[in-house]
Amino acid sequence: MLYYLYEYLTNHGIYIPGLNLLRYISFRAGFSVLLSLLIAMVYGKKIINWLRTKQMGEMVRDLGLDGQKQKEGTPTMGGLIIIIATLIPVLLFTKVFNIYIVILTISVVWMGIIGFIDDYLKKVKKNKDGLSGKFKIIGQVGLGLIIGITMYFHPDITVKRKYADSKIINRNNVEQNFQKAEKATISTVPFTKNNEFDYSGILFWMSPEDAAEWSWLVFIPIVIFIVTAVSNGANITDGIDGLAAGTSVVILLTLAFFAYISGNIIFADYLNIMFLPNMGETTIFALALVGAVIGFFWYNTYPAQVFMGDTGSLMLGGVIAVLAIILRKELLIPVLCGIFLVENLSVMLQVLVFKYRKKKYGLDYAQNNRLFKMSPLHHHYQKEGYHESKIVNRMVIIGVMLAIICLITLKVR
């Protein structure tokens with residue numbers, strides 16, 4: 001909103017010293033992260049106290065983990081802190097009518113509502129199962145459908161690719177190095193020389209023209225799958241104090257960097273990557289979310305004063321997925337979101353191995369010979385005797401390493 005105020009005043013000949021700084025994405029991004037951090041830290045305590053008065057305390061199942069019962073009654077729904085602290089700076093510092101900002105805002109609200117309903121049913125209605133898994137999936141699929149259709153059909157979502165002919169390269173006017181903006185269902189393939197993948201290529205039996213026309217049949221279902229998978233991955237990772245928040249900050253910082261360079265034609269030209277018009281504003285959104293999560297992390301570190309609940313974890317996973325998709329970096333998700341992936345896989349493998357051993361050797365053998373002592377993976381390490389803080393710190397360190405690998409893909413092809 002402040003950017004539009006600057007434009008309005010300037011167009012009417014009113015010049016206020018310093019206000020022209022609002023033209024710069026870097027300035028607005030810096031202020032957005034600072035404001036979101038302050039909102040989360042200052043008002044976070046008030047929200048925690050409000051949740052406590054509403055008796056939104058966590059009911060902890062006895063899983064035989066050290067320190068588990070001491071967490072009984074800790075307020076949940078802390079994701080509200082993240083959502084509020086994100087949306088206020090976004091409304092103030094971004095071009096709110098930018099299509100990418102609209103998509104991301106919808107994602108925050110949409111997934112936040114699904115998570116809130118789940119937490120509400122658990123805490124207020126005393127339904128221990130919360131929102132049915134079926135309805136969660138419907139909500140995640142609904143968001144994926146919205147994102148996929150918008151990405152495919154909206155005229156403002158375009159890419160500019162560099163000319164392959166090196167003779168056209170012009171360092172004095174980098175615009176000349178790029179082709180015209182086009183609608184395309186393309187993504188970035190890491191560690192490959194010509195690192196672009198067109199989803200229409202999956203329809204290899206069709207002519208190129210028909211494949212391009214019908215590529216939405218492939219693209220939209222893949223978007224739905226990614227949104228659902230990453231959202232669930234973040235939800236499963238949110239099992240011990242600070243784990244989901246800490247790993248998400250690393251992922252979001254990486255995506256914010258990708259947003260900045262992809263939306264800046266000079267950097268896109270230098271790094272020989274796709275230029276995504278209007279993407280720069282996404283940097284502000286991503287950093288506002290980073291500030292909000294760090295501010296929440298202030299209260300969520302061990303021992304946690306508040307849990308983010310599904311209100312926060314489903315929202316974070318969904319927004320991370322959407323960010324990766326609009327940045328054409330969804331093929332990096334298995335690396336960048338490696339912690340989410342491993343946590344998800346640990347649950348799936350635990351179930352598959354248990355069922356296999358039960359069928360082959362009987363129930364007693366399967367119960368006494370599980371693949372992990374407990375799933376998700378972070379609970380396995382708790383059973384091994386590791387302290388929560390050590391598990392979180394080491395997983396965040398691994399997350400940093402995975403993020404660095406993703407950044408390396410910019411130059412290593």
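Source: prediction; values computed, not measured.

Draft legend 1. Molecular detail of the overall build of the chain. Check the secondary structure of the chain and you find 16 helices and 2 strands. Relative to its length of 413 residues, the chain is compact, with a C-alpha radius of gyration of 23 Å against a globular reference of 22 Å. With the principal axes as the frame, the chain shows a C-alpha extent of 70 × 60 × 35 Å. Per-residue burial for the chain yields a buried fraction of 50% across its 413 residues. Here the contacts in the chain between residues at least 6 apart in sequence split such that 73% fall between residues at least 24 apart. By element, 64% of the accessible surface of the chain is carried by carbon and sulfur atoms, the whole surface being about 19900 Å². The average position of the 39 basic charges and that of the 27 acidic charges among the side chains of the chain differ by 4 Å.

Draft legend 2. Focus on unusual backbone geometry. With an omega of -10°, the peptide bond running from Tyr 302 to Pro 303 counts as cis. A cis amide bond links Ser 375 with the next residue in sequence, Pro 376, at an omega value of 0°. Position of Pro 376 among the secondary structure elements: in the loop between helix 14 (363-368) and helix 15 (377-383). Residue Phe 191 is not a glycine yet carries a positive backbone phi of 60°. Within the fold, Phe 191 resides in the loop between strand 1 (186-188) and strand 2 (196-198). One non-glycine residue, Arg 328, adopts positive backbone phi at about 60°. Assignment of secondary structure puts Arg 328 in the loop between helix 11 (309-326) and helix 12 (333-336). Among the residues examined, Arg 328 registers a relative accessible area of 3% and is labelled buried.

Draft legend 3. Layout of the side chain of Ser 215. Among the structural elements, Ser 215 can be located in the loop between helix 6 (208-213) and helix 7 (216-237). There is a polar contact of 3.1 Å between the side chain of Ser 215 and the backbone oxygen of Ala 212. Aside from chain neighbours lying at most four places away, what touches Ser 215 is Tyr 152, Thr 185, Ser 200 and Leu 203.

Draft legend 4. Looking closely at the pattern of salt bridges. This structure, assessed with the given rule, holds 10 salt bridges. Among the ionic pairs, Arg 161 bridges to Glu 182, the shortest N-O distance being 2.7 Å. With Arg 161 in the loop between helix 5 (133-153) and strand 1 and Glu 182 in the loop between helix 5 and strand 1, this pair connects stretches of sequence that are 21 residues apart. With a relative accessible area of 22%, Glu 182 lands in the partly exposed category. Lys 162 is the salt-bridge partner of Asp 269, the closest N and O atoms lying 3.0 Å from each other. Of this pair, Asp 269 sits in helix 9 (residues 265-271) while Lys 162 sits in the loop between helix 5 and strand 1, and the two are 107 residues apart along the sequence. With a relative accessible area of 3%, Asp 269 lands in the buried category.

Draft legend 5. Fine view of helix 2 (residues 25-53). Spanning 29 residues, helix 2 covers 40 Å between terminal C-alpha atoms, matching the ideal 42 Å at 1.5 Å per step. Taking the largest bend as the criterion, helix 2 deviates by roughly 45°, centred on Gly 44. All of the buried residues along helix 2 are Arg 28, Ala 29, Ser 32, Ser 36, Ile 39, Ala 40, Gly 44, Ile 47, Ile 48 and Leu 51. Against helix 1 (2-11), helix 3 (79-93) and helix 10 (280-300) lie the buried residues of helix 2.

Draft legend 6. The arrangement of the packing of helix 10 against helix 11 in detail. Axis separation between helix 10 and helix 11 bottoms out at 12 Å; the angle between their running directions is 155°. Here helix 10 lies roughly antiparallel to helix 11, going by the angle between them. The crossing of helix 10 and helix 11 is left-handed. Residue-level inspection shows Thr 282, Phe 285, Ala 286, Leu 289 and Val 293 of helix 10 in contact with helix 11, the latter providing Met 315, Leu 316, Val 319, Leu 323 and Ile 326. Grouping the constituent residues of the contact of helix 10 with helix 11 by class yields 9 nonpolar, 1 polar and no charged.

Draft legend 7. Region of interest: the environment of Ile 391. Structurally, Ile 391 is set in helix 16 (residues 388-408). Residue classification places Ile 391 among the buried residues on the basis of a relative accessible area of 6%. In this structure the C-alpha to C-alpha distance between Ile 391 and Leu 243, which are 148 residues apart in sequence, comes to 8.2 Å. When near neighbours in sequence (up to four residues on either side) are disregarded, Ile 391 contacts Ile 240, His 378, Tyr 381, Gln 382 and Tyr 386.

Draft legend 8. Main features of the nonpolar core. Judged by nonpolar contacts, the single largest core of 98 residues is most densely connected at Ile 82 and Met 315. Excluding its chain neighbours within four sequence positions, the residues that come into contact with Ile 82 are Leu 289, Ala 292, Val 293, Phe 296, Met 308, Met 315 and Leu 316. Listed in part, the 8 residues of the second largest apolar core include Ile 240, Leu 243, Val 392 and Met 395.

Cut-offs used in this document
Along every chain, residues carry numbers that run from 1 in the direction the sequence is written. Local features in a predicted model are, by the rule used here, given only for residues with pLDDT of at least 70; side-chain atom pairs are given and counted only at 80 or more, and totals for whole chains, interfaces and linings are based on all residues. Only hydrogens and water are set aside; all other atoms, that is, all heavy atoms of the structure, feed into the side-chain values. Think of it this way: any DSSP run of H or I at least four residues long counts as a helix, any run of E at least two long counts as a strand, and we number them from the N terminus. All radius of gyration figures rest on C-alpha atoms, and the globule criterion is 2.2 Å times the number of residues raised to 0.38. Each residue's exposure class comes from its accessible area (1.4 Å probe, protein chains only) as a fraction of the maximum for that residue type: buried when under 20%, exposed when over 50%, partly exposed otherwise. Here, residues are in contact when the closest pair of their heavy atoms is within 4.5 Å. Surface accessibility follows the Shrake-Rupley procedure with a 1.4 Å probe radius. Residue values consider only the protein chains on display as shielding. Neither His nor the chain ends is counted toward charge; the positive residues are Lys and Arg and the negative residues Asp and Glu. All charge positions are set by atom: Lys at NZ, Arg at CZ, Asp at CG, Glu at CD. For this analysis, a polar contact is any N or O atom pair within 3.5 Å, provided that within protein one partner can donate a hydrogen and the other can accept it, and provided that sequence-adjacent residues contribute only side-chain to side-chain pairs. Salt bridges, as used here, are contacts in which a Lys or Arg side-chain nitrogen is within 4 Å of a carboxyl oxygen on Asp or Glu. Helix span, as expected, comes to 1.5 Å for every residue beyond the first. What we call the bend at a residue is the angle made by axes fitted to the seven residues finishing there and the seven residues starting there. Interaxial angles span 0 to 180 degrees and are taken between N-to-C directions of axes, which are lines fitted to C-alpha atoms, for helices over the stretch in contact. For classification purposes, angles smaller than 35 degrees are called roughly parallel, those larger than 145 roughly antiparallel, those between 65 and 115 roughly perpendicular, and all remaining angles oblique. For any helix crossing, the convention is left-handed if the near helix is rotated counterclockwise from the far helix by under a right angle, and right-handed if that rotation is clockwise. Side-chain classes follow a simple rule in which Ala, Val, Leu, Ile, Met, Phe, Trp, Tyr, Cys and Pro form the nonpolar group, Asp, Glu, Lys and Arg form the charged group, and the remainder, Gly included, forms the polar group. In plain words, nonpolar cores are sets of buried Ala, Val, Leu, Ile, Met, Phe, Trp, Tyr and Cys residues tied together by side-chain atoms within 4.5 Å.

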